[in-house]
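Here's the letter readout for the chains.
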Amino acid sequence: MEVDEVDPEEAAGFLALLREWAGDPELLEATVKAARERSPQVAELPEEETRRHTRALIEGAIEALTGGGEPGERALRAAERLGSDRARQGVPVAALLDGFQAGRSHVMRVLIDHGLARGIPAELLLESVTRIDAITTALVHRMVHAHRVTELELARTTREGRVQALRQLLHGEPVEPPAPLDGSVPYHCVVSDISDPRAAQRLEPMLVGGPASGLSGLVDGRLAALVTRLPAPCALPEGTPLLVAAPAAPLSEVAELYRLARRALRAALPHGLHGLRHLTELALTTATAAEPVLGRLLAGELLVALSPADAFHRELAETALAYLDHGARIEPTAAALHVHPNTVKYRLRRLHALTGRPLVSETGDAVAHAAHWWWALHAWLRLPPSAS
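Residues numbered from 1 in each chain as written. Predicted model: local features only at pLDDT ≥ 70, side-chain atom pairs only at ≥ 80, totals over all residues. Heavy atoms only, no water.

Peer 1: Teacher, can you tell me more about the overall build of the protein here?
Peer 2: Check the secondary structure of the protein and you find 16 helices and five strands. Looking at the protein as a whole, 45% of its 388 residues qualify as buried. In the protein, 71% of the contacts between residues at least 6 apart in sequence involve partners at least 24 apart. Both charge centroids of the protein, one from 40 positive and one from 49 negative side chains, sit 6 Å from each other. (Helix = DSSP H or I, 4+ residues; strand = E, 2+ residues; numbered from the N terminus. Buried < 20%, exposed > 50% of the residue type's maximum accessible area, 1.4 Å probe, protein only. Contact = heavy atoms within 4.5 Å. Lys, Arg positive; Asp, Glu negative; His and termini not counted. Charge placed at Lys NZ, Arg CZ, Asp CG, Glu CD.)

Peer 1: I tried to follow the pairing of strand β3 (residues 222-227) on my own but got confused; where do I start?
Peer 2: Moving residue by residue along a regular strand, the side chains alternate between the two faces of the sheet. Most of β3 is tucked away, with six of its six residues classed as buried. Of the two faces of β3, both are covered, the one formed by Arg 222, Ala 224 and Leu 226 as well as the one formed by Leu 223, Ala 225 and Val 227. With four bridges joining them, strand β1 (residues 188-192) and β3 adopt antiparallel strand pairing. Across the sheet, Val 190 pairs through a bridge with Ala 225, a residue of β3. Bridging between strand β2 (residues 214-219) and β3 involves six bridges; their strand directions are antiparallel. Within β3, the position partnered with Gly 214 by the bridge is Val 227. Counting the residues that bridge the hairpin from β2 to β3 gives two residues, and of these Asp 220 lies at a positive phi of roughly 55°. (Pairing = 2+ DSSP bridges.)

Peer 1: How do you make sense of the pattern of salt bridges when you look at a structure like this?
Peer 2: Once their charged atoms are close, side chains differing in charge can pair, the charge on each being opposite to the other. This model, assessed by the stated rule, comprises 18 salt bridges. For Arg 52, the salt bridge is made with Glu 49, and the minimal N-O distance between the two is 2.7 Å. Taken together, the residues Arg 52 and Glu 49, both in helix α4 (residues 47-67) and three residues apart, mark about one turn of the helix. Exposure remark for Glu 49: the relative accessible area of 2% places this residue in the buried category. Among the ionic pairs, Asp 85 bridges to Arg 81, the shortest N-O distance being 3.5 Å. One end of the pair is Asp 85 and the other is Arg 81, both in helix α5 (residues 73-88) and four residues apart, which spans about a single turn. Residue classification places Asp 85 among the buried residues on the basis of a relative accessible area of 0%. Through salt bridges with shared partners, a single ionic network connects Glu 49, Arg 52, Arg 81, Asp 85, Arg 86, Asp 196 and Arg 198. (Salt bridge = Lys/Arg side-chain N within 4 Å of Asp/Glu carboxyl O.)

Peer 1: In this structure, what is going on with helix α10 (residues 254-268)? I would like to understand it.
Peer 2: Each α-helix winds once per 3.6 residues, and so residues spaced three or four apart point in a common direction. Helix length check: α10 (15 residues) gives 20 Å between terminal C-alpha atoms against 21 Å at 1.5 Å per residue, within 8%. Among all positions in α10, only Val 254, Leu 257, Tyr 258, Ala 261, Arg 262, Ala 264, Leu 265, Ala 267 and Ala 268 are buried. Where α10 is buried, its residues contact α8 (158-170), β1, β2, β3, β4 (243-245) and α11 (283-289). (Expected span 1.5 Å × (residues − 1).)

Peer 1: Whenever I open this one, the side chain of Thr 333 confuses me. Can you help?
Peer 2: Tracing the chain through its elements places Thr 333 in helix α14 (residues 330-337). According to the relative accessible area criterion, Thr 333 is buried, its value standing at 0%. The residues contacting Thr 333, other than those within four sequence positions of it, are Thr 319, Ala 322, Tyr 323, His 326 and Val 344.

Peer 1: Can you help me understand the side chain of Thr 286 in this one?
Peer 2: Tracing the backbone through its elements, the reader meets Thr 286 in helix α11. Here Leu 282 takes part through its backbone oxygen, which lies 2.7 Å from a polar atom of the side chain of Thr 286. In contact with Thr 286, other than residues within four places in its own chain, are Arg 263, Ala 264 and Ala 267. (Polar contact = N/O pair within 3.5 Å; in protein donor to acceptor, adjacent residues only side chain to side chain.)

Peer 1: In this structure, what is going on with the packing of helix α6 (residues 93-117) against helix α7 (residues 122-155)? I would like to understand it.
Peer 2: Two elements in contact, α6 and α7, have axes separated by 11 Å at closest approach and are oriented at 165°. Relative to α7, the element α6 is oriented roughly antiparallel. In this structure, α6 meets α7 at a crossing whose hand is right-handed. On the side of α6, the interface is formed by Val 93, Leu 96, Leu 97, Phe 100, Gln 101, Arg 104, Met 108, Leu 111, Ile 112, Gly 115 and Leu 116, while α7 contributes Leu 125, Val 129, Ile 132, Asp 133, Thr 136, Thr 137, Leu 139, Val 140, Met 143, Val 144 and His 147. Among the residues forming the contact of α6 with α7, the class breakdown is 15 nonpolar, five polar and two charged. (Axes fitted to C-alpha atoms, helices over the stretch in contact; angles between N-to-C directions. Parallel < 35°, antiparallel > 145°, perpendicular 65-115°, else oblique. Left-handed = near helix turned anticlockwise from the far one by under 90°. Nonpolar A, V, L, I, M, F, W, Y, C, P; charged D, E, K, R; others polar.)

Peer 1: Would you take a moment to explain the sheet that holds β3 for this structure?
Peer 2: Hydrogen bonding along the main chain pairs the strands of a sheet, whether they run parallel or antiparallel. With mixed pairing, the five strands of this open sheet are ordered in space as β2-β3-β1-β4-β5. The outermost strands of the open sheet, each flanked by one partner alone, are β2 and β5 (276-278). For this sheet, the mean angle separating the axes of adjacent strands, direction not counted, is 20°. Both β4 and β5 contribute to a ladder of three bridges, which runs parallel. The partner of Ala 245 across the bridge, within β5, is His 278. Sitting on the sheet, α8 is in contact with β1, β2 and β3, with an inclination near 80° to β2.

Written out as structure tokens, the structure reads:
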């Protein structure tokens, strides 16, 4: 049965459903989740990287389906960029296809389930699924072709050989240090939240150019580098994504520092940090992020009288955290929160009254006391309102 033979109202309802899905954030997130769960190597990439490509492919495929024709140039370009980017990020084509097929299967199931729930005839759904399959097959062909072309281009370059050696060094595999690395020189290991190959290319000269000689490339989906000198913070453009830099160490030790720097990156990202940050600067954030259950236990003990669903209670917790972050000083805390110093004092008094515990200890355990509060406040502020 052809789509043209069905009732015009049913066909119009089906097209309306497709247009809704084209911008549906829930469909996008569920498709991204399906792709990441199916392919561990895709899951290693930043979630936004997968989301960016998935959004373009969903919109392009639905646009082609509602238009009644073959995939348009927009969808084909999105498929090409996905294949090329994954090749540059070191994701094998098999892993790429695993994630793509999982996402496609999820969209198909949603299409059928929602279509039947809306009373769309099974014949129309079958015809539509067949057309989606043809569209996505064309996208797969374009994606795989771009991946293979990019792999061949990279294999022909000296740079790719060096980047592969960089990956091996950072993974702790035995490898001869490639030029320009020198085995007798200590290097800073730098990891970033940059996964877009084009953005990485723009930042690499700032990391390894001039006196900060070294080697950089995409490792585990993100820009990483080994450099003899760190760039000055003022040399980086405003809004530079988060970079975590480890202390300089021999090449034999960089794998362990790379592992720690990646942990620090994951721990620091929810705090909204950006620009160049030293690994040691993020030590507490990294260590506490590794034990989320313990953080929730601290929050449950110190902040049991507060409700995550209460906006005023959240205001108290945010003020207390800012107070600790600003050395337990009222004036800097007020300036950071853009409130009057008396407001800060009032909120701290209310928090003390509610919890029955001082935020700052005057006994010999002041450091541990403040660290426990800092950890508990961070954990409590991440609780959903329903946790109350």
